[in-house]
Structures are given as structure tokens and as C-alpha cells.
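Spelled out, the chains give:
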Amino acid sequence: MTIEALLDELLCHILSFLSTKEAIATSLLSKRWRFLWTMVPSLHIGCAKPIMEHYKSLKVFLALRRMHTITSFRLKCDSDHECCSHYVEQWILEVAIRKVEQVNISLFRCHISKINVDALFTCTTIVNMKIKGPFEITIPSSVYLPNLKTLRLKVCERFAMKNVRKIISSSPSVELIYMKHNFTKDYFLQLKAVRNYRYLRLYHQNWLYDEVMHYDYDFMSDSMQNCGWLKPEKAKVYVTVHNYMMQAVSYLLKRIHSVEFLSLKYSRDVNPSTFDLPLFENLVELQLFVTKDDPFIMELPAKCPKLQVLEINILDDGQRCRYNISEGVRVHDLSIVPISPVIWLNNWLRDQAIVFLEQ
């Protein structure tokens with residue numbers, strides 16, 4: 001069987017794996033192939049400038065297509081001449097109208113600082129979206145993406161957690177959100193949200209600290225209708241500190257002061273004495289990863305009036321001590337200490353118990 005014996009639908013499917021420029025070039029093969037490219041459901045453009053130079057407008061070019069719907073749109077330009085940024089917003093508007101499902105926009109250069117992508121964030125047919133380039137985008141106030149599965153953004157944008165909340169609450173099918181800002185030398189920010197039928201996990205990384213917020217599925221299902229549903233007190237929070245700028249980290253701890261579970265890890269060169277510690281009024285379980293002589297071991301538990309479980313992990317020698325705390329008395333339970341407890345910590349727990357009994 002020759003390729004000419006194939007149905008038009010199969011030929012169009014084959015052409016969908018080519019760039020639009022290559023698909024148009026097949027129109028020279030024969031009369032049958034002359035208009036096949038107009039029925040291909042995808043638009044894969046390496047550079048928009050050659051197409052736009054041969055047609056009066058984008059609407060004129062798209063009017064030639066016999067297939068109105070565009071299921072897959074890819075605009076990937078590696079040129080140094082900032083050519084595609086002149087047309088990218090026009091393409092976004094047109095493909096959103098045509099019920100696009102797959103979007104991949106990647107520009108090496110851009111002559112404008114901000115690109116309007118609002119039409120994509122209200123396109124109900126989008127399943128996968130990827131935007132990359134040296135420009136800013138804004139998450140519109142109205143977001144509705146009922147079929148979105150994955151979202152990947154790598155642009156010049158310092159993403160706010162409120163935008164992550166907005167996208168997740170407006171995208172019931174979303175499984176992965178990945179946002180990365182790394183186009184300046186002195187700043188790095190990465191946000192990632194992973195969701196499945198069991199949990200939602202948020203990763204927030206910058207040059208100061210890493211933060212992970214883990215939500216159980218039961219909380220998610222009960223809270224999806226609330227626009228402020230990503231409340232830190234309902235999450236298990238894991239923080240790893242990398243940098244000595246304690247003011248920013250202190251702000252982070254104040255932001256999550258209402259959590260019930262906290263895991264905190266320090267690099268060895270971090271001096272905790274500069275912290276302005278908040279009161280963790282709801283904290284029930286605390287995990288600390290610190291050096292042996294770190295006074296933070298005593299300072300932070302003292303700020304946790306409801307603490308029930310305290311775990312100390314000593315980075316110097318790998319010791320791990322775990323304590324049960326009941327009725328406000330911080331007395332360790334030897335049955336749950338896997339490694340011999342640190343003597344000075346035991347003395348502090350004993351002193352806390354004496355203070356409690358005297359009261």
C-alpha cells in the first residue's frame with residue numbers, strides 16, 4: 001500500500017507531527033496534497049515571521065484552514081531577532097477561540113516586557129500548557145481551566161502563592177503546576193504543586209529556603225469551594241533554611257505560625273539567635289534538624305504551648321531523639337527514644353516539668 005492510498009484523516013494525522021511550514025510545503029506534491037495542510041488540527045510554528053510576511057494578517061492565514069479547531073499549538077522561536085514577540089498575543093487570542101487543547105510557547109528573545117495571556121487562562125478546553133520566555137505574564141483575576149492537567153511556566157515572574165491557590169481552585173483536574181523564575185542572576189524562585197487522589201503537595205524554593213506544604217485529600221475535598229482553601233494550619237509544613245538572612249526566614253515562620261506540624265532544618269552556618277520567634281499556638285508535632293549546640297533546640301519548643309511530640313535530629317553526629325509530651329509537661333518517653341537521648345536536653349525537659357508542677 002502506498003501513502004497515496006491512505007485516507008485524508010490518516011494523512012492529516014501524519015502531517016500533524018510536522019511543523020506548519022513543512023506541512024504547507026507538502027502542498028506542492030500533487031493536487032490531492034494541495035489543501036491537506038488546511039485540515040491538519042495542529043499548528044506547530046518555528047517562527048511566526050515568515051508566515052506573517054506572506055499574509056495580510058493572522059486572520060487571513062487562519063481563514064485558509066478548513067479545520068476551524070486547533071487542538072495543538074506550538075510557537076517555538078530560537079531566533080535572536082525578537083521576531084515572534086510581535087505576533088504572540090494575536091496567536092494566543094486566535095487559538096483560544098479555536099478550542100486549543102495543547103499550548104507550548106517558547107521564545108528565546110522578546111522585545112516586550114509583558115505578554116497578555118488572559119485568554120489562555122479562561123480557555124476551557126486546555127489540557128496542557130507550557131509558556132517559556134524572557135517576559136512577564138500576569139495571572140488574570142478570573143481563571144477557569146476545568147480540563148487543565150499540567151501547567152508549566154518559566155518566565156520573568158516572581159509568583160505569589162495566591163496565584164497558585166487561584167489556579168488550583170479553578171482547575172479541578174490539575175495534576176501538576178510548575179512555575180519557575182530564573183532570568184536574573186540574583187534571584188531564583190520555583191513553585192510546584194503536585195496533586196493526586198490522595199494529597200496535594202506544594203513546593204516553594206528560593207535562595208533563602210525550601211518550603212513544602214502537604215495537604216491530605218480529605219481536607220482538599222472539603223475546602224475546594226473556598227477561595228482561601230490553602231490554609232497553612234491544615235498542612236504539614238517542611239522548611240529547610242539555606243541562607244543567613246534571618247529576617248526573611250523569621251517572616252516565613254510568622255506566616256506559618258498556626259500550623260499543627262512543622263519540620264525545620266538548618267544549615268550549620270545559620271545562627272538562630274537572630275530570630276524573632278512567633279508563638280506557635282497550634283503546634284502539636286515539631287521536628288528539628290540542627291547542630292548539637294544550637295540554642296534553638298530550647299527556644300522553639302518554648303514557643304509551642306500545645307506541643308505533644310518533639311523530635312530532635314542532631315546534624316553533627318546523626319543522633320535522633322523523640323519525646324512524648326502530655327498535659328503540658330515536657331518529659332521524654334524512653335520507649336520512643338531510638339538513640340540514647342542528649343543529656344542536656346533531658347535536663348531542660350526535666351526543668352520544664354518542674355516549672356509546670358510548681359504552677
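Residues numbered from 1 in each chain as written. Predicted model: local features only at pLDDT ≥ 70, side-chain atom pairs only at ≥ 80, totals over all residues. Heavy atoms only, no water.

You'll find the chain entered in an unreviewed UniProt entry as F-box protein At4g10400, with Cajanus cajan given as the organism.

Q: If you had to explain the side chain of serine 170 to someone new, which residues and values would you point to?
A: Secondary-structure assignment places serine 170 in the loop between helix H6 (161-169) and strand S6 (176-184). Beyond its immediate chain neighbours, meaning those up to four positions away, serine 170 contacts Val143, Tyr144, Leu145 and Pro146. (Helix = DSSP H or I, 4+ residues; strand = E, 2+ residues; numbered from the N terminus. Contact = heavy atoms within 4.5 Å.)

Q: Report on the pattern of salt bridges, specifying residues and quantitative values.
A: Taken as a whole and judged by the stated rule, the model has seven salt bridges. Between glutamate 94 and lysine 59 there is a salt bridge whose closest N-O contact spans 2.8 Å. You can see glutamate 94 sitting in helix H5 (residues 88-97) and its partner lysine 59 sitting in helix H4 (residues 58-63), a full 35 residues away along the chain. Residue glutamate 94 is classed as buried on the basis of its relative accessible area, which comes to 8%. (Salt bridge = Lys/Arg side-chain N within 4 Å of Asp/Glu carboxyl O. Buried < 20%, exposed > 50% of the residue type's maximum accessible area, 1.4 Å probe, protein only.)

Q: Tell me about the nonpolar core, residues and numbers included.
A: Grouped together as the largest cluster of nonpolar side chains are 88 residues, with contacts concentrated most on Phe73, Trp91 and Phe121. Taken domain by domain, the makeup of this core includes at least three residues from each of domain 1 (41-195) and domain 2 (206-358). Not counting residues within four places of it along the chain, the set of residues in contact with tryptophan 91 comprises Leu43, Ile45, Ala48, Met52, Leu58, Phe61, Leu62 and Phe73. Of all hydrophobic cores here, the second largest spans six residues; its members include Leu11, Leu15, Trp33 and Leu36. (Core = buried A, V, L, I, M, F, W, Y, C linked by side-chain atoms within 4.5 Å. Domains from an automatic or database assignment.)

Q: Can you lay out the packing of aromatic side chains for me, pointing to particular residues and giving the numbers?
A: Taken as a whole and assessed by the stated rule, the structure comprises four aromatic pairs. Between the aromatic rings of tryptophan 37 and phenylalanine 61, the centroid separation amounts to 5.9 Å while the plane-to-plane angle is 20 degrees, which identifies the pairing as stacked. On the criterion of sequence distance, the pair formed by tryptophan 37 in the loop between helix H2 (20-25) and strand S1 (42-45) and phenylalanine 61 in helix H4 is long-range, its members being 24 residues apart. The pair formed by tryptophan 37 and phenylalanine 61 is uniform in burial state, with each residue classed as buried. Here tyrosine 238 and phenylalanine 261 contribute two aromatic rings whose centre-to-centre distance is 5.3 Å and whose plane-to-plane angle is 55 degrees, an arrangement assigned as tilted. Taken together, the residues span a long stretch of sequence, with tyrosine 238 in strand S10 (residues 236-241) and phenylalanine 261 in strand S11 (residues 261-265) at a distance of 23 residues. With relative accessibility at 32%, the residue tyrosine 238 sits in the partly exposed group. (Phe/Tyr/Trp six-rings, centres within 6.5 Å; stacked < 30°, edge-to-face > 60°.)

Q: I'd like to hear about the confidence of the model for the chain, residue by residue, with values.
A: With 80% of its residues at a pLDDT of 70 or more, the chain shows a mean pLDDT of 79. Mean pLDDT values over the elements of the chain span from 49, in helix H10 (residues 343-358), up to 95, in strand S4 (residues 128-132). Note that pLDDT drops below 50 for residues 220-228; the model gives that stretch 12 contacts with residues more than four away or on any other chain. Considering only residues more than four positions removed or in separate chains, one finds that residues 328-344, a stretch of pLDDT under 50, has 42 contacts. (pLDDT = per-residue confidence, 0-100.)

Q: Talk me through the UniProt feature "domain: F-box" (unreviewed entry) in the chain; I want residue IDs and the actual numbers.
A: According to UniProt, the positions carrying the feature "domain: F-box" (unreviewed entry) are residues 8-42. Split by type, residues 8-42 is 40% helix and 3% strand. Its first and last C-alpha atoms lie 15 Å apart. (UniProt positions renumbered as here; feature names shortened; annotations may be inferred.)

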